[in-house]
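In case you want the letters, here they are:
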Amino acid sequence: MLDINPPEIRIRDFGSLHGTYVNGKIIGKRQREQTPEEGARINFPEYNLKEGDEIGLHNTVLRVSIEGTTEKPVRQFASVGMVVDKTASLLIPKGWQSSPTVCTTHVAEVNLPTLGGYTTLKRLGKGEWGEVYLAHRDQTGELVALKVIGSPRNADREAIEKFLRQVCLTKALQHRNIVELKEFRYNEGNLFFILEYCNGGSVADLMRQRDGRLSVNEAMSITLQVLDGLAYGHNFLPPQVIGTEESLNQIRGLVHRDLKPTNILLANARLGRIAKVANYGLGKAFALAGLSSSSLRGSYASTPAFMPRQQAIHFNYAEPEVDVWAMAACLYYMLTAKFPRDLAAANSLSAVLQTQPVPIRERDASIPRRLAQVIDLALVDNPNIYFKNAGAFKQALESVFC
């Protein structure tokens, strides 16, 4: 990884097998006998680079050149406060063009998305919904998450407009345990979502920090908060009907349909960690607009590991209970680092339809028995899901935990 902050540049080797070399000297390498789990717990050191350093990556060599810039900016990107300097292949914020910048031989241009009124700072990651970037609102300086979804393939204007009308429902959701959608736009074939920025990452990130699993206290705190957010979303009634073809029954309540550890984000606040449901309502918006996973650059599909059989059979008619089941599966996973079902393949639906969840104490006998009984009950989905709403599941958990 190259961490470039003009005029400084640092490099880190994340345990590669061959190793990374600077000026012929190795700076990092994974030991062959080291397991991936051991490697994940190592704090790999950073190495500061300087003018003329050569980075060796097997048969590729990169040479660092740091140059001062005295010329005026070459061109400005549309209202995003970014410029490109002739001596570099990197986007740099306004006001930096008189400072030294960095260019590295054979490094591709870093293309940050542009959106009027916001300055994009860096890429945070990529998910099934597209790329996510850290940005700030130019007027207020507020940090936000900018999510960019690529152009739908073969999608007509009517489908896009219907999708955006459905997204208005998600924007109307206002709850401390749901990631706030602040704004959305459709511009030049891309969907832009301005979202509340959660500085604690996802539950999946937290599990990696905790060597794979969470304590009962930590997992339960997250679960109870998410259930509050789901209860609100499942009973949500917007202040007014959007569009003309949707009936009141169609818009009463929103089902997430793809709840999983990567879709539970964490905000670290002074009063403690707040768990928030992300991507709420997007699956339903795509489905109702007729935009299938095959119509998008970057597919959308629910994850079988956190899907009950009812959802596998009738995806478009998912009821709130499927989110309750998915939250029970997330709790199971947080405590054991294993999925409730033994999946033969990562995308296999056959296990969802043909097998039963493994009792949680068979994964970890140290889990309190009464808590395990509630979790196992919540994962019953044949013939029906046991807990029909988030409030009932939360009440059952509190009866054995609080």
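Provided above is the structure to which this section pertains.
Residues numbered from 1 in each chain as written. Predicted model: local features only at pLDDT ≥ 70, side-chain atom pairs only at ≥ 80, totals over all residues. Heavy atoms only, no water.

It is not clear to me how the overall build of the protein should be interpreted in this structure. Could you clarify?
Each helix and strand counted, the protein has twelve helices and 18 strands in total. Counting only contacts in the protein whose residues sit at least 6 apart along the sequence, the fraction spanning at least 24 positions is 61%. (Helix = DSSP H or I, 4+ residues; strand = E, 2+ residues; numbered from the N terminus. Contact = heavy atoms within 4.5 Å.)

Just to check I follow, could you spell out unusual backbone geometry for this structure?
Across residues other than glycine, the phi torsion is negative in most instances, and most of the peptide bonds are trans. In this structure, the amide linkage connecting asparagine 382 to the following residue, proline 383, adopts the cis form with an omega of 5 degrees. One can find proline 383 in the loop between helix 11 (369-378) and helix 12 (390-401). One non-glycine residue, aspartate 211, lies in the positive phi region at around 65 degrees. Residue placement: aspartate 211 occurs in the loop between helix 3 (203-209) and helix 4 (216-234). The backbone phi angle of asparagine 279 is positive, close to 60 degrees, even though this residue is not glycine. Its place among the elements puts asparagine 279 in the loop between strand 18 (272-277) and helix 6 (282-288). Asparagine 279 sits in the buried class, given a relative accessible area of 13%. (Buried < 20%, exposed > 50% of the residue type's maximum accessible area, 1.4 Å probe, protein only.)

Quick question: what am I supposed to make of the packing of helix 8 (residues 321-336) against helix 11 here?
How two helices sit against one another is set out by the angle between their axes and by the gap between those axes. Axis separation between helix 8 and helix 11 bottoms out at 9 Å; the angle between their running directions is 135 degrees. The angle between the axes of helix 8 and helix 11 places the two elements in the oblique class. Crossing geometry of helix 8 relative to helix 11 is assigned as left-handed. When helix 8 is examined against helix 11, the residues Trp325, Ala328, Leu331, Tyr332 and Leu335 are found in contact with a partner set consisting of Leu371, Ile375 and Ala378. By residue class, the composition of the contact of helix 8 with helix 11 is eight nonpolar, no polar and no charged. (Axes fitted to C-alpha atoms, helices over the stretch in contact; angles between N-to-C directions. Parallel < 35°, antiparallel > 145°, perpendicular 65-115°, else oblique. Left-handed = near helix turned anticlockwise from the far one by under 90°. Nonpolar A, V, L, I, M, F, W, Y, C, P; charged D, E, K, R; others polar.)

When you look at the packing of aromatic side chains in this model, what are you seeing that I'm missing?
For any pair of aromatic rings, the description consists of the separation of the ring centres together with the inter-plane angle of the planes. This structure, assessed with the given rule, holds six aromatic pairs. Look at tyrosine 232 and phenylalanine 236: their rings are 5.9 Å apart centre to centre, the planes differ by 45 degrees, and that puts the pair in the tilted class. Given the relative accessible area of 7%, phenylalanine 236 is considered buried. Here phenylalanine 306 and tyrosine 333 contribute two aromatic rings whose centre-to-centre distance is 5.7 Å and whose plane-to-plane angle is 90 degrees, an arrangement assigned as edge-to-face. With a gap of 27 residues between them, phenylalanine 306 in the loop between helix 6 and helix 7 (309-313) and tyrosine 333 in helix 8 connect regions that are remote in the sequence. (Phe/Tyr/Trp six-rings, centres within 6.5 Å; stacked < 30°, edge-to-face > 60°.)

Even after reading the chapter, I still don't get the pairing of strand 6 (residues 54-57), so can you show me in this structure?
The two faces of a sheet get side chains in turn, since along a regular strand they alternate between them. Alignment of strand 3 (residues 20-22) against strand 6, held across two bridges, turns out to be antiparallel. If you follow tyrosine 21 over to strand 6, its bridge partner there is glycine 56. Of the strand pairs in this sheet, strand 6 and strand 7 (residues 60-67) are connected by four bridges, and their pairing is antiparallel. Bridged to leucine 57 within strand 7 is threonine 60. (Pairing = 2+ DSSP bridges.)

Would you mind going over a nonpolar patch on the surface with me for this structure?
A contiguous nonpolar patch, built from Leu377, Val380 and Tyr386 and spanning about 240 Å² of accessible area, is present on the exposed surface. Structurally, tyrosine 386 is set in the loop between helix 11 and helix 12. (Patch = residues over 30% accessible without salt bridge, like charges linked within 9 Å, V, L, I, M, F, W, Y side chains within 5 Å. Areas by Shrake-Rupley, 256 points an atom, 1.4 Å probe, with all protein chains shown as cover. Salt bridge = Lys/Arg side-chain N within 4 Å of Asp/Glu carboxyl O.)

Mind showing me how you'd approach helix 11 here?
It helps to recall that an α-helix has 3.6 residues per turn; residues three or four apart then point in one direction. Residues of helix 11 that are buried: Leu371, Ala372, Val374, Ile375 and Ala378. Looking straight down helix 11, one finds that the buried residues subtend no more than 160 degrees of arc, so they occupy a single side. Along helix 11, the residues that are exposed and aim more than 90 degrees away from the buried face are Arg369 and Arg370. Each element contacted by the buried residues of helix 11 is listed here: helix 4, helix 8, helix 10 (360-363) and helix 12. (Arc of directions from axis to C-beta.)

Would you take a moment to explain the environment of isoleucine 222 for this structure?
Tracing the backbone through its elements, the reader meets isoleucine 222 in helix 4. Given a relative accessible area of 2%, isoleucine 222 falls into the buried group. If near-sequence neighbours (up to four positions away) are discounted, isoleucine 222 is found in contact with Val203, Leu206, Leu214, Ile264, Leu266, Ala275 and Met334.

Hey, could you run me through the pattern of salt bridges in this one?
When charged atoms on two side chains of opposite charge get close, those side chains can pair. Summed over all chains, the structure comprises 18 salt bridges. Between glutamate 218 and arginine 210 there is a salt bridge whose closest N-O contact spans 2.9 Å. Owing to a relative accessible area of 36%, arginine 210 belongs among the partly exposed residues under this scheme. The closest approach of N and O atoms between arginine 341 and aspartate 381, which form a salt bridge, is 2.6 Å. On the criterion of sequence distance, the pair formed by arginine 341 in the loop between helix 8 and helix 9 (350-354) and aspartate 381 in the loop between helix 11 and helix 12 is long-range, its members being 40 residues apart. Each member of the pair, arginine 341 as well as aspartate 381, carries the same accessibility label: buried.

Would you explain the nonpolar core in this entry?
If you look at soluble globular proteins, the nonpolar side chains tend to sit buried side by side. By size, the foremost hydrophobic cluster in this structure holds 53 residues, and its most contacted members are Ile222, Val226, Ile264, Met327, Met334, Phe393 and Leu397. Those elements that place two or more of their residues in this core are helix 3, helix 4, strand 17 (264-269), strand 18, helix 8, helix 11 and helix 12. Top element by residues in this core is helix 8. It accounts for twelve residues. Residue contacts for methionine 334: discarding those within four places in its chain leaves Val203, Met207, Arg213, Leu214, Ala219, Ile222, Thr223 and Met327. (Core = buried A, V, L, I, M, F, W, Y, C linked by side-chain atoms within 4.5 Å.)

Just checking my understanding: could you explain the side chain of histidine 234 for this structure?
Tracing the backbone through its elements, the reader meets histidine 234 in helix 4. With relative accessibility at 11%, the residue histidine 234 sits in the buried group.

Explain the environment of glycine 130 here, please?
Within the secondary structure layout, glycine 130 lies in strand 13 (residues 130-137). On a C-alpha basis, the gap between glycine 130 and phenylalanine 192 in space is 10.0 Å, while along the polypeptide they are 62 residues apart. Ignoring any residue separated from it by four or fewer positions in sequence, one finds glycine 130 in contact with Gly125 and Val148.

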